[in-house]
Structures are given as structure tokens and as C-alpha cells.
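Each chain is listed here by its residues.
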Amino acid sequence: MARLDRPYWIEARLERREGWDESRYPFDIPVVRTLDTLAFHPAVTFLVGENGSGKSTLIEALATAWGFNPEGGSRDHVHSTRASHSELHAYIRPVRAPQRARDGYFLRAESLFTLATYIESTGSGRPGQAGLHEQSHGEAFFDLFENRLQGHGLYILDEPEAALSPSRQLSFLTRLHELVNTRSQFIIATHSPILLAYPDAWIYETSSHGLNRIAYEDTEHFQVTHNFLNRREMMLDILLERRDQNGDDDG
């Protein structure tokens, strides 16, 4: 089966209409304030950025605008423990391809417990959705990813590496590629240099300057990890000496 040559979700357009107020959250975040249109790759689009840069706010809004539950799951999941998502989704207009996705899922590591509880309470017997509470966090997350996602779908993932060991992240790449080759499209927010290495993906970096396309080797995630692994002793000496100089020792 060939991968998609045109995405299910072509682009997201932000509509600055009544209620849009750049003096308050989430409209005051630089990535939101400066963004008009976000185009997606037919296979994999990554969002990267420092904590607090708006990456998770944006991907949560994208998922909600597409029709997913803000706390995760498929489009028919309606559970809610606390409505903490922003109103940004109401200002995002999806530009969809004529060909519709057969499957879809919003998978976020931080709300997996509440998603598993909802699935358990509704008695869902779909593959990858049984016995999630009887597994570790990482096992349950990977079970959902490996068995629930069926292909021919649009899948939005928020920091999947938070639940996965480095070896599991490598397995994640294998399964990701299998799903891409069964005509699936992914939008993923991540900090993982392992996941970001997926070939030919588009990488958008959120920062205080807004949102920009960036090459894998130019991401801070790659550079910091690469420098640390290649200069571990030197970097540890610098970091720990700096800590001691800041007065954190017992003297």
C-alpha cells in the first residue's frame, strides 16, 4: 500500500474574528499571535519547542478543531474530567482533502489514565483498548499505538516519548512507518530527537519568534543531545561546576 500523496488535513487556518484578543491567553502566545496558516505534510508533521512555547497548546487546539476529545481518544469519545483546554480551537478552520480518513485518534501521554478509565467504563473491546489499567504507563500507551491505530487515518500525538523508553521509541518509529505506509497522516508534538529523525518529515519549531520550518540537524533537541553524547564529561564538568559556583554546595 502506497503512502498518501496528499494529506487528509491539508492546512489549518487561524481566523481572527470576534473574541480574538491578543492581550490574553492563548492569543498572546507568539506562535499563535504570528500564525495565519499551518500546512501539513502528507505523512508526518512535527511540532517542537521549549516548554512554555505554545507547542502543546497548539496541538491540543488542532486536535479539538478536527473533532477529537481534548483529553484524547477517537472522535466518538466524550469523556471530560476537567475542561482545561483553551478556546483556540474555535478559531481554527481545517482545510480538508476530498478523501476522508477512515480512522483517527488523539493520543496524549499526560491524560492516558483518564482515557483508560473512560474506555474501561464504556466496555470498549476494540484492539489496543482492553486492560490498559493492568499495564504500565508505557505498555498501555504503546499497546494503544500499536493495536488501536488501524491505518488510513489521521493521528495527532502529544509528546508520546513521555511514556516510552529509548528502545520503545525506536519501536515507535517502526510502527509509525508501517502506519504511514497504510495511508496514514501524523501530527506530533515531541521533544524526542529519536522521533524527530523520521525521514522527510516536516518540523515546525515554536519559539518566542513564532513558528518556523526547520531542518532536523538545526533543532535544539538534536544539537543538545548530540553535543552531550559526544562531549559528556566536558559538559558535565561545566554544568556541575556552575552549580557549585552558584552556592549549592554544603560550604
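Model, not experiment: these values are computed from the prediction.

Rules of the game
Residues numbered from 1 in each chain as written. Predicted model: local features only at pLDDT ≥ 70, side-chain atom pairs only at ≥ 80, totals over all residues. Heavy atoms only, no water. Core = buried A, V, L, I, M, F, W, Y, C linked by side-chain atoms within 4.5 Å. Buried < 20%, exposed > 50% of the residue type's maximum accessible area, 1.4 Å probe, protein only. Helix = DSSP H or I, 4+ residues; strand = E, 2+ residues; numbered from the N terminus. Contact = heavy atoms within 4.5 Å. Pairing = 2+ DSSP bridges. Axes fitted to C-alpha atoms, helices over the stretch in contact; angles between N-to-C directions. Phe/Tyr/Trp six-rings, centres within 6.5 Å; stacked < 30°, edge-to-face > 60°. Lys NZ or Arg CZ within 6 Å of the ring centre and 35° of its normal.

> I'd love a proper account of the nonpolar core, names of residues and values included.
In terms of nonpolar packing, the biggest core is built from 30 residues, with Trp9, Leu62, Leu88 and Ile92 touching the most fellow members. Per-element accounting of this core gives the leading share, seven residues, to helix α2 (residues 55-66). Residue contacts for Trp9: discarding those within four places in its chain leaves Phe40, Leu62, Trp66, Ile92, Pro94, Val95, Leu154, Ile156, Gln185 and Ile187. In this structure, Leu164, Leu179, Ile188 and Ile214 belong to the second largest nonpolar core, which totals 28 residues.

> Explain the sheet that holds strand β1 (residues 9-14) to me, using residue names and the numbers behind them.
Backbone hydrogen bonds are what pair the strands of a sheet, in a parallel or an antiparallel way. Spatial strand order, β2-β1-β4: three strands in an open sheet with antiparallel pairing. A strand with exactly one partner marks an edge of an open sheet, and here the two such strands are β2 (37-39) and β4 (92-96). Sheet twist, expressed as the mean angle between neighbouring strand axes with direction ignored, is 20 degrees. Two strands pair when backbone bridges link them, and β1 and β4 are joined in this way by five bridges, in the antiparallel orientation.

> For the packing of aromatic side chains, give the residues involved together with the corresponding values.
Geometrically, a pair of aromatic rings is defined through the distance of the ring centres and the angle of the planes. Inspection of the entire model under this criterion finds ten aromatic pairs. Grouping aromatic residues by their ring pairs yields a cluster made of Phe142, Phe145, Tyr155, Phe172 and Phe186. Over the face of the ring belonging to Tyr91 we find Arg17, whose NZ or CZ atom lies 4.6 Å from the ring centre. Positioned over the ring face of Trp66 is Arg96, at 4.1 Å from the centre of the ring.

> Before we move on, could you go through the sheet that holds strand β9 (residues 210-213) and cite the residues and values that matter?
Read across the open sheet, the six strands follow the order β5-β6-β7-β3-β8-β9; overall the sheet is mixed. Two strands lie at the open edges of the sheet, namely β5 (103-108) and β9, each paired on one side alone. Recorded for the sheet is a direction-independent mean angle of 15 degrees between the axes of neighbouring strands. When strand β3 (residues 44-49) meets strand β8 (residues 202-207), the two strands line up parallel, connected through five bridges. Looking at β8, one finds that Thr45 is bridged to Trp202.

The quantities given are spatial measurements derived from coordinates; they are silent on function.
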